[in-house]
Structure formats: structure tokens, C-alpha cells
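# Architecture at a glance
Each chain, written out:
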Amino acid sequence: MATVTTPILEEYAGGTIARAQVGLWRDGFRRLRRNRLALAALIYLTVLVLVAIIAIFWTPYNPATILPNTLTFLGPSAGHPLGTDDLGRDLLSRMMQGAQISLIVGVGTSAIVLTVGVVVGLIAGYFRGWIDNVISVFINIFYGIPGILVAIILYLILGHGLGNIMIAISATAWMDMARLVRGQAFSIREREYIEAARASGARSGKILFGHILPNSLGPIIVQATFVIPIAILTEAFLSYLGLGIPSPLASWGSIASEGYAALPLEPYMMLWPAVALSLTLLAFNFLGDGLRDAFDPRQRR
Amino acid sequence: MTDPILEVRNLSTHFFTDDGEVKAVRGVSFSVAPGETLGIVGESGCGKSVTAMSVLGLVQRPGKVVSGEIMFRGHDLLKLTREELRNIRGRDIAMIFQDPLSSLNPVLRVGYQIDEAMYAHDKIASNAVERRGIDLLKQVRVSDAERRIKDFPHQFSGGMRQRAMIAMGLSNKPDLLIADEPTTALDVTVQAQILELLRDLNEQTGAAIILITHNLGVVAGLCKRVLVMYAGEIVEEGTVEQIFESPQHPYTWSLLRSVPRIDANRGHRLLSIEGLPPDLIDLPQGCKFNPRCPFRVERCFTESPPIEQVAPAQHAACWVTMERAYAEMGAGTITDTSPGAASGVHPAGRSLPPAEVPAAIAEPVSD
Amino acid sequence: MPTRGTLIYIAQRLLLIVFTLLAVSFLVFITVHSLPGSAFESERVHGKALQLVLHQYGLDRPILVQYWSFLTSAIQGNLGVSFQIRGLPITPLVMRELSVSAELGGTALLITIGIGTTFGVLAAMRQNTWVDYTLTSIAVVGYSVPSFVLAGLGELIFAYWLPTVTNGAIQYPANWTGTYGTLVELSLPAIILGFYTSGQVTRITRAAMLEVLQQDYIRTARAKGLKTRVVTVRHALRNALIPVISILGPLVISIITGSVIIENIFGIPGLGKEFVESILGADYNVTVAVFTVYALLIGIANLIVDLLYTVVDPRIRY
Ligand SMILES: Nc1ncnc2c1ncn2[C@@H]1O[C@H](COP(=O)(O)OP(=O)(O)OP(=O)(O)O)[C@@H](O)[C@H]1O
Ligand code: SF4
Ligand SMILES: [Mg+2]
């Protein structure tokens, strides 16, 4: 390299960041541990994940099978702890499968949003110029469009399936993430230590992933966490409308929809998915709040 | 001498933070006579503002006045109900603040904010309020007052905003005006105008003024008497001549030595002397100035010096005092003012020279 | 009396809205027309007859030509005709549904802002007390509990368990009488919809109040001897409203999203119900029309928000 290396400068910049980062994360975890709501949410979600994993291997009955010799709308009993549904299927098994689907959709969508949003946001925020202009104009135009409308249309075009539902929800959700990352990249790029890294001849890839990304990690994680409940809710609603997970797969949304139809007869059938969805969304939101308070310095007070 | 209108006795105000109890003001006592001009000086963070805010009961959580008496016209302000205290604020004791831009509400018109202070109390007849608002603005020499009174704060210049603040403070003809660094945010010429204004007002209305500042030049220009604060305590008190000509506390002495450097810098710089003030959560034993004091003796590390009379009307809290430092330690000729330099006292294991300020740690992402 | 700058700004914003509408309607048009099957194919129309019908509706032309003719007539206020109910003009249909949705959404918006700002202010004034914790928890519950859960619960209570209390006035799915629902019919869906979005307002109002209460001008106001109520309302809240206004745009989007859900649950004949039905029935002209109307609504809402800023914050001038 032609440039005179300035190891001290880089050392200084890198070292300072590293120290600040370690402190930031340590502080963050300390704050998170003190947040009882977030901890309770975490415990609940752990249990839920376990249930979903168990459901891969075992459910009390086949969730899709209409059981022979079983009554429909059977109230909770020893054989069927949550009762049976309008077709005589075991509700516990269906609820377990529903947990699986909700979590897959939530986490999967969040992963898509994370990948697309971060990459697009970094590109726009780091390279600026025409690339940024194109991306920004696009986002500004479509930013205001309710995601659910887009999801409905896209899902119909793509066809049924878990993967497609995630893509359909991600179609608008990535924009929030991209805006966030772009803003972060903008402000961090201005910072002195980037200049320091640049002066010592660091490549842009290293700057992007070595400096900008780690420094915006807090807000990005928070944002990604909040995508999960939105995705779960959207999936549940689509399934509720009959536009989501195809039958006989059980989604909390479709169980709720069937339960809703049976509401005057058997309120409990609506109860299970209602409670499960509410608790799960609540847990993700509390966790997101906790993470935000702990790791997002912009929001700290 | 007449009775003081304000007498603060043994005031202590602490902040109960997550990191510990910040003992921002400890055992402060002073008094203000009617019509008097009193200056309070000291480095940034020494508790000047907190003292002033405590007087008006404006200290907010996590802060709390933990002890003391604040006698105003024979009543202890700390014992008043919220409503009684509210009636004194802005009516009998007014306060103006350092940064006139952030201290004015950006979404309300200047005139409204002045008038509001009068409507809140019954001192000015309500039909006279608007007229008086304009008169006040004229009095503080805002030109075209009739029109400007309808402006919003952002339409005012820095100096005009501070004038508006002063007009607001004077609106109810208070007996005492507490001005917390009224000139710090302004440039030198405007500073001089504001000071002149305060001087005139003091002479015309007879209101007593407490002027808080870290600019000794400002004190010299306006005040008759001066309090010097260090780390939450009053370390010296005297007439302005005494403080400037024969300071007795080593801290005051150090402050005065640092003055020229400050004036060279448009008078804006904070007073600063070598080292840092102590951590108010974990205070040093003995005299709080001992980690920085060139004249410290062994006793300074174990016992806190009481504030005692050193000359008529002059008090200082120091075991040595400058008189002795001049006589015995050659204070008049020393060039090395590092801790313990003049007295040669460097106790092992205690009070290492103050560490250098650590390189600023990069604050992670903020917008 | 808007200044010249303001007028120029408004003109720019209107231009942006037009541009957005063009882009959105174009994309949606292309997308839905590429969906497999149309309203006609789903019926038993084959071969020549189908060709005829497609020709009649201009669906056999190239897609860009179709969009162009949609655009030109849309500019004149004609959004085309429905496929499903053959030949029914869409504009009056959508206008009627818009009025229903606006009634629902508008009521919900008022409820949201009312609950949200009140809760936010109270929580901030009592920061870190049980009042704060309770109100902020209610806010999180608000946007966590799915609206169809609340709807189910509400329906269960009011329509089935307490029909005497409501005197049988609520029947869901509502047989919406005429264009305007009765107050009672409107109230439950509007409250559920408003509650859902009020959480966002609570959170932002609380944060803004906490921020504002730290400001120097609040100290000044207290130093003047103003009453606590005056300091809170006149000095703090007015400033705290500025960030609250900034989320009004996203709030309108949330309400529209929520109304799509709520209308379908309660069977309220608004735009949201129409949207889902048109998609399911492959009635693409209607889909495009509803989508475009939504985009227009949001554009206008954002413009109004920007103008509101200038009312609340004198520092902002365009
Ligand atoms: N809200 C608070 N929480 C914790 N500590 C505080 C708070 N307000 C003030 N302090 C502490 O009280 C001390 C005194 O502050 P004060 O504002 O009175 O200083 P000052 O002498 O007015 O300084 P300056 O010249 O910078 O205005 C400071 O060291 C500060 O750390
Ligand atoms: S000489 Fe001792 S008592 Fe006096 S200021 Fe110095 S350290 Fe404090
Ligand atoms: Mg101060």
C-alpha cells in the first residue's frame, strides 16, 4: 500500500470503538436483566419455542385428521385437554401446530426483512449518490401503502405456502428496516472514526461491516424483533380471512376464524387461539420494548 | 445593617441517582440584604445553579433539599405549601436562566410569556398587564417593542431573548432577582449591555440581585459582595475588593490567576484551574480542595476546615489561608501550582495528582 | 393567511401525491391483471363467448393500453366498471364505501388521539409509578391483542350475552342500514379500532412529555409561579404534541390497515371489505380503484399533517 500506515490511528479508533461497544453491550444486558416484563416475555417465548419443536415430532393426535368416533365441539376433557373443533379434530394438536406456524412466519419474515433491509439500507446510506436517490424515491412512494393490502395481493399472486406468506409480508416491512439502517449509516459515516479507518486504507466492505453494522446493531435488533409480532398478526389475519395457510394445516388465525363462526355455540374454541395469539404478540412486544430500552441509545433516557 | 430579605442556613441538596447520592450542595449559608448585589462564582458543576434552584423549590427528582432553612421575609420557604411557594415564585423572587433560547417556550409568543407571569399573580392589575408588558420590553431596551412583543422567541436575537427574560423576571416587581449566568450565552458587547441593564434596574427598582456566573469579570462589574463556591460548599465570602485584592482561600487565589487566560478568550471560557473538581458522590476526606491545592498541609487530609472570619466582612474555609501561604510558602513568587507544590506535602497513597482527562470515549450512535 | 412559500410547498406536495398515485396505480394495475383467472373465467364462459366478453370490457388489449384507458378515465373521475356485478360503475360504489370507512376511521382516529394523549400525559406525569406502568401496559396490550380477538369478545358480550342491554340494536355481521350506521353499530368497531392504534399514541406522547418536561422553558414556567396544570397543559403538552403530530401519518395508515380487518370481521360495507371481496372475486377494476383511493387518502392525510405542524410549531414555515 502506498499510504503510510497509521497503525496507531487505527488502533486508537478501533480500540475506542471496541471499548465503547463492550461497555454498551454489557450495560444493555444489565438493563435487560432488570426489566422483569421482558424477562417474563423471554420465558414465555422459550416455552412456546419448545412446544413448537415438540410439535415437529409429536402431537397428541394428528392435527389434520378428523378423528373417527369423536364428537365435534367437544369441550375440554381428559382425552382432549382443549376439546375438539367443528370437525372433531383435536384442538391441542392443532394449537401446537399453530404455534409452529406462527413462530416460523414471525421469525422467517423477520429474517427476510433483516437481510433485505440491512443490505439495501447500507448500500443507500454508504454509497449515497444516485443509488441512494433511487432507493429513497422508491421507499418514499411505497412507504405509505398499508402493508396488509400489498400482502393480500402478493400472496394471491405467489400462491399458497408458508414461504410465500413470509415474502408477501416482507414486501413492505423491509422498508422500515432499510430506512433505519440508511439513517444509521448516514450518521455513522460522518463520524470521525470512519475517517480514521478510511485514512488507514480500510476497504469499504470493512467499513460497512466492521464499523457501521456493529454500531447500528442495537436499533437493528430492536426493529427486527418488532417485525415478528407484525408478521404473526398479519399471517393470523390472512388465515382468519381464509387467505392464509391452506387447510388442513392449522394456524391460530384459521382456528380463530372457525371458532368465531361457532362463537354463539362454543366460545372456548375461539378462546384458545385468542389467548395464544394475544400472549405471544404481547411477549414479543414486551421483549422488543425491553431490547429497545436496553440497546437502542437513541431511545435511552 | 438592615435585616436580610433572604437568609439561607445550612442548605444541603442531594441528587439520588442510580450511581449514588450526588451531594451537590452541602451546608451552604449566606444572606442577601434588600437592594444588595451578591455574586456567586465557581467552576462549572460546583452547585451554583442547584443552590439557586433550591431557594425557589425548583429542584426536581431525583434531587431533594435534604436539610437547611431558607428564610424569606421571616418565613422558611422549605416549610411552605406548594401553593404558598408558587405565590412567591415569580412574584417576590424571580429567576432568569442561562440560555435564553431554550429558556423561552418556542411555541408561545414572547409577549404572552411575559404577560402570563403577571396574570399568574395578583400584583399587577389585569387590565394593566398588556400595557406593562410593552413598557417592560421598552425598559429592557428592545426597540419597536409594540411590534416585537407579538414575535415568537425564534424571531428574537440572543440578546433580545435575554432582555425578554429579564423583562419577564421584573414584571411583578420582585424584591429579589436571581440571575443564573445571564450573559454566558451572549457575545461580549451584548454581555456588557445586559450587565449595564441589570445595574440600572438594581438602582432604579431597588431589587436585590443574586448574580451567578463563572466569569469573574462580570462579578467585578456588578456585585458588591461575592461568594466563592467549590464542590458544593462556600469556601470564601467577602466584598468584591477583598475577593479580588486579597483572596484568602487558595481556590479563589487560583481562580484569579486563571482570569487573564479567560479574558483572552472573549470571556466565554469557563474558569478552570489545574485538575478536576472532586466526584460529588465519593468526596475526599478533609478539605475538598486538597487534591488540587498547592498549599495543603497534613491537616487538610483529615479535617474539613470550617468557614471563619479572616478579615472584617471576609470569611474563608481554609486551614492555611493565603496570608500564611504568602508569608511561609512564597505564594507570591511560585510558578509551579501543582498539588502540594508550595507546601511539599505529598501523602503517600492518597490524593495522587489528578489523572488526565481520559480520551473521550466515542459515544455510540446517536442521531 | 398562507405565505407564498407555503403555497409552493403545498403545490409540491400535491405533485408528489399525483406521482405516487401514478406509480401505485400502475404497479397494482399490472400486478392484479397478471393474476391467473378473472371474474369471467371463473364463470362458465368459454371460447368465443369469453372472447366476446373480454373484448367488451377491453381486456383483450395490451396491458399498457388498458392502463392508459384506465388512467384517462380515472382522471375524469370514472374508475371503470365492475366485472363481478357486470357493468356497475365503480366510482359511486367506492364513494359510498369511502363514506362508511371514513365514518369508522374518523371516529377511531378521534378515540385513538383522545385515549392516547390522555394516557401518555398521565403516564409521563407519574413516571415510574404504578399509574405509568398500568397505562403503558394497556398501550402494549392495545396493539398486541389482535382486533379480531377483541371483536369476538365484544360481539360475544354485546350481541349474545347482553342483547337486552343493547336492546338487540347490534347485530353482527351488521346489516348496515343504508350509508350511515347507527351510533351503536359504529361504536364497538370504532372503539376496537381506536384502541388498537391508541397504544402508539400513548407511547409517543409519554416519551415526548418526558422529554419536554426536562426542557429549560418548563423550568422557566415553574419559576414564574404558574400553576402545575398551566405548566403541564399550556407549556408542556403543546410542545409534546409536535412529535405526536409526526406519527399522525403512520397512524392513518395503521387505522386503514386496522379498518380492513375490522370491516371484514364486522361485515361493515366499507372500502376494506370491498378490497378483500374484489380480490377474492377477481374483480380487478375494483381492486385497483380501492387501492388508489387508499393511496390518495394517505397522501392527503400526510399533507394535512405537514400543514398542522405549522399551526402547532411557529418555527416551522415552508
Ligand atoms: N438532575 C441531576 N441529577 C444528578 N446530578 C445533578 C443534577 N443536577 C445537577 N446535578 C449535579 O449537581 C452539581 C451541581 O450542578 P449545578 O448545575 O449547580 O452546577 P453549576 O455550578 O451551576 O455549574 P454551571 O456553571 O455549569 O452551570 C453538578 O456536579 C451535577 O453533577
Ligand atoms: S490549604 Fe488545606 S484547607 Fe486550605 S484550601 Fe488547601 S487543602 Fe484546603
Ligand atoms: Mg449552572
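Residues numbered from 1 in each chain as written. Chains lettered and ligands numbered in written order. Predicted model: local features only at pLDDT ≥ 70, side-chain atom pairs only at ≥ 80, totals over all residues. Heavy atoms only, no water.

## Points about the overall build of chain C
Under the convention used in this document: Strands here mean DSSP runs of E at least two residues long; helices mean DSSP runs of H or I at least four residues long; both are numbered from the N terminus. Burial classes: relative accessible area under 20% of the type maximum marks a residue as buried, over 50% as exposed, and values in between as partly exposed (1.4 Å probe, protein chains only). Contacts are residue-level and defined by heavy atoms, with any inter-residue pair within 4.5 Å sufficient. Note that accessible areas follow from Shrake-Rupley with a 1.4 Å probe, and for residues the cover is restricted to the protein chains shown.
Across its full length, chain C carries 12 helices and zero strands. Relative to its full complement of 318 residues, chain C shows a buried share of 53%. Within chain C, residue pairs in contact and separated by at least 24 positions form 73% of the contacts whose partners lie at least 6 positions apart. Of the roughly 14,300 Å² of accessible surface on chain C, a fraction of 68% belongs to carbon and sulfur atoms.

## Notes on the domain arrangement of chain B
Residue and element names in this part refer to chain B. The following threshold applies: Domain start and end points were adopted from an automatic or database domain assignment. Note on definitions: salt bridges are taken to be side-chain nitrogens of Lys or Arg within 4 Å of carboxyl oxygens of Asp or Glu.
Taken domain by domain, chain B consists of domain 1 (6–223) and domain 2 (250–362). A C-alpha centroid distance of 30 Å is found between domain 1 and domain 2. At the junction of the two partners, domain 1 supplies 19 residues and domain 2 supplies 17 residues. Applying the counting criterion to the domain 1 and domain 2 interface returns one salt bridge. Put simply, E43 and R292 hold a salt bridge, and the shortest N to O gap is 2.9 Å.

## Structural notes on the sheet that holds strand β4 (residues 63–72) of chain B
All names here are of chain B. Convention followed: In this scheme, strands are said to pair when DSSP sees at least two bridges between them. Under this scheme, a helix contributes an axis fitted over its contacting stretch, all axes are lines through C-alpha atoms, and angles between N-to-C directions fall in the 0 to 180 degree range.
Ordered in space as β2-β1-β4-β5, the four strands form an open sheet in which the pairing is antiparallel. In this open sheet, the two strands that pair with only one neighbour each are β2 (20–32) and β5 (75–76). Judged from the eight bridges that link them, strand β1 (residues 6–17) and β2 form a sheet pairing that is antiparallel. Across the sheet, the residue bridging to E7 is S31, located in β2. Relative to β1, helix α1 (residues 48–55) is tilted by about 110°, and along the sheet it contacts β1, β2 and β4.

## A short note on helix α8 (residues 216–223) of chain C
All names here are of chain C. Counted residue by residue, α8 has six buried out of eight residues, so it is predominantly covered. Listing the buried residues of α8 in full gives Y217, I218, T220, A221, R222 and A223. Once α8 finishes, G225 follows within two positions and takes phi at roughly 85°, a positive value.

## Regarding the interface of chain C and chain A
Accessible area lost on assembly of the parts is the figure often given for the size of an interface. Applied cut-off: Defined in terms of a 1.4 Å probe, buried area is the accessible area two parts forfeit on being brought together, summed over both. Throughout this description, a polar contact denotes any pair of N or O atoms lying within 3.5 Å of each other; where both atoms belong to protein, one of them has to be capable of donating a hydrogen while the other can accept it, and for residues adjacent in sequence the pair is counted only when both atoms sit in side chains.
Residue-level contacts link 43 residues of chain C with 35 residues of chain A. For the chain C and chain A pair, buried surface summed over both sides reaches about 3,500 Å², with 82% attributable to carbon and sulfur atoms. One can count one salt bridge joining chain C with chain A. The residue R203 of chain C makes a salt bridge to D289 of chain A at a minimum N-O spacing of 2.6 Å. Scanning the region where chain C abuts chain A turns up two residue pairs in polar contact (both at pLDDT 80 or more).

## A short note on the sheet that holds strand β11 (residues 308–311) of chain B
All names here are of chain B. Pairing within the open sheet is mixed, and its eight strands lie in the order β6-β7-β8-β3-β9-β10-β12-β11. Of all the strands in the sheet, the pair left with one neighbour each is β6 (93–96) and β11. For this sheet, the mean inter-axis angle between neighbouring strands, taken without regard to orientation, is 25°. Where strand β3 (residues 37–41) lies against strand β9 (residues 225–230), four bridges are found, and the strand directions are parallel. When the sheet's bridge partners are listed, I40 is paired in β9 with L227. Helix α7 (residues 188–205) rests against β3, β7 (176–180) and β8 (208–213) of the sheet, and its axis sits at about 160° to β8.

## So, the packing of helix α2 (residues 36–57) of chain A against helix α3 (residues 91–127) of chain A
All names here are of chain A. Stated precisely, the cut-off is as follows: Roughly parallel here means an angle under 35 degrees, roughly antiparallel means over 145, roughly perpendicular means 65 to 115, and every remaining angle is called oblique. Each helix crossing is assigned a hand: it is left-handed if the near helix lies turned anticlockwise from the far helix by less than a right angle, otherwise right-handed if that turn is clockwise.
Contact geometry for α2 and α3: axes closest at 8 Å, N-to-C directions at 115°. As far as their axial angle goes, α3 and α2 are roughly perpendicular. Like other packed secondary-structure pairs, α2 and α3 cross with a definite hand, here left-handed. Here α2 contributes L48, V49, V51, A52, I54, A55 and I56 to the contact with α3, which in turn contributes M96, A99, Q100 and L103.

## Things to note about the site of ligand 1
Residue and element names in this part refer to chain B. Using the following cut-off: The near set for a molecule or strand comprises every residue that places at least one heavy atom within 4 Å of it.
Around ligand 1 there are 14 residues in total, and S44, G45, S49, V50 and E181 lie nearest to it. S44 is positioned with one of its side-chain polar atoms (N or O) 2.4 Å from an oxygen atom of ligand 1. For ligand 1, the accessible surface in isolation is 630 Å², of which the surrounding protein chains cover 67%. Elements that contribute at least two residues to the shell around ligand 1 include exactly β1 and α1. If you tally residues by element for the shell around ligand 1, the top one is α1, at three residues.

## Thoughts on the site of ligand 2
Stated formally: Any residue outside Ala, Val, Leu, Ile, Met, Phe, Trp, Tyr, Cys, Pro, Asp, Glu, Lys and Arg is labelled polar, Gly included; the first ten of those are nonpolar and the last four are charged.
Near ligand 2 lie 13 residues; those nearest to it are C287, C293, C300, C318 and W319 of chain B. Each residue belonging to the shell around ligand 2 can be placed in one class, and the counts come to 10 nonpolar, two polar and one charged.

## Some points on a positive patch on the surface
Definition in use: Patch membership is restricted to residues that have no salt bridge and whose relative accessible area is over 30%. Joining uses 9 Å for like charges and 5 Å for the nonpolar side chains Val, Leu, Ile, Met, Phe, Trp and Tyr. Only four residue types enter the charge count, namely Lys and Arg as positive and Asp and Glu as negative; His and the chain termini do not. For charged residues, the charge sits on one atom: NZ in Lys, CZ in Arg, CG in Asp, CD in Glu.
A cluster of basic residues, R26, R30, R33 and R34 of chain A, forms a positive patch at the surface. By the secondary structure assignment, R34 of chain A is in helix α1 (residues 7–34).

## Observations regarding the interface of chain B and chain C
Opposite the 29 residues of chain B that make contact, chain C presents 23 residues. Each partner contributes to the roughly 2,300 Å² buried at the junction of chain B and chain C, and carbon and sulfur atoms together form 54% of this total. Put simply, chain B and chain C have two salt bridges between them. Between E116 of chain B and R234 of chain C there is a salt bridge, with the nearest N and O atoms lying 2.9 Å from each other. On the surface where chain B and chain C come into contact, there are 14 residue pairs in polar contact (both at pLDDT 80 or more). For the side of chain B that touches chain C, the secondary structure elements donating two or more residues are α2 (82–88), α3 (110–119) and α6 (158–170) of chain B. Sort the elements by how many residues they give to the side of chain B that touches chain C and α3 of chain B lands first, with four residues. Class assignment for the residues of the side of chain B that touches chain C results in 14 nonpolar, eight polar and seven charged.

## Some points on the nonpolar core
Selection rule: Remark: nonpolar core denotes a set of buried residues (Ala, Val, Leu, Ile, Met, Phe, Trp, Tyr, Cys) joined through side-chain atoms within 4.5 Å.
In terms of nonpolar packing, the biggest core is built from 127 residues, with F148, F275 and F291 of chain C touching the most fellow members. Looking at which element gives the most residues to this core, the answer is helix α10 (residues 267–295) of chain A, with 15 residues. Not counting chain neighbours up to four residues away, the residues in contact with F275 of chain C comprise L149, I152 and I153 of chain A together with T287, V290 and F291 of chain C. In this structure, V25, M53, I210 and V297 of chain B belong to the second largest nonpolar core, which totals 106 residues.

## Some remarks on the pairing of β11 of chain B
Residues and elements named next belong to chain B. When β11 meets strand β12 (residues 314–316), the two strands line up antiparallel, connected through three bridges. Bridging from a neighbouring strand, E308 pairs with A316 of β12. The antiparallel hairpin formed by β11 and β12 contains two residues in its connecting segment, where A313 sits at a positive phi of about 65°.

## A short note on a nonpolar patch on the surface
A cluster of nonpolar side chains, namely V49, L50, I53, I54, I56, F57 and W58 of chain A, defines an oily patch on the protein surface of about 750 Å² accessible area. Looking at where V49 of chain A falls in the secondary structure, it is placed in helix α2.

## Comments concerning the pattern of salt bridges
Applying the stated criterion across every chain, the model contains 31 salt bridges over all chains. A salt bridge links R225 of chain B to E36 of chain B; the nearest nitrogen and oxygen atoms lie 2.5 Å apart. A residue pair is termed long-range when its members are at least 10 positions apart, and R225 of chain B in strand β9 and E36 of chain B in the loop between β2 and β3 qualify at 189 residues. Like R225 of chain B, the residue E36 of chain B is buried in the burial classification. Across the pair E277 of chain C and K273 of chain C runs a salt bridge whose closest N-O atoms are separated by 3.1 Å. Of this pair, E277 of chain C and K273 of chain C are both found in helix α11 (residues 271–280), four residues apart, which corresponds to roughly one turn of the helix. Salt bridges here are not isolated pairs; linked through shared partners, they connect R73, R91, D92, D122, K123 and D175 of chain B.

## Things to note about the packing of aromatic side chains
Applicable threshold: Between 30 and 60 degrees the pair is tilted, below 30 it is stacked and above 60 it is edge-to-face, where a pair is any two Phe, Tyr or Trp rings, Trp via its six-membered ring, whose centres lie within 6.5 Å. Sitting over a ring, as applied to charges here, requires NZ of Lys or CZ of Arg to be within 6 Å of the ring centre and within 35 degrees of the ring normal.
Scanning the entire structure with this criterion turns up 12 aromatic pairs over all chains. Ring geometry for Y230 of chain B versus Y251 of chain B: centroids 4.5 Å apart, planes at 50°, classification tilted. In this pair, Y230 of chain B is assigned in strand β9 and Y251 of chain B in helix α10 (residues 250–257), connecting sequence segments 21 residues apart. The exposure class of Y251 of chain B is buried, given its relative accessible area of 0%. A centroid spacing of 6.0 Å and a plane angle of 35° characterise the contact between Y67 of chain C and F70 of chain C, whose relative ring orientation is tilted. Residue Y67 of chain C and its partner F70 of chain C are located together in helix α3 (residues 63–75), separated by three residues, close to a single helical turn. For the residue pair Y67 of chain C and F70 of chain C, the accessibility class agrees, reading buried in each case. Connected via pairs of aromatic rings, a cluster forms that spans F26, F29, Y67 and F70 of chain C. Over the aromatic face of W319 of chain B sits the side chain of R299 of chain B, whose NZ or CZ is 3.7 Å from the ring centroid.

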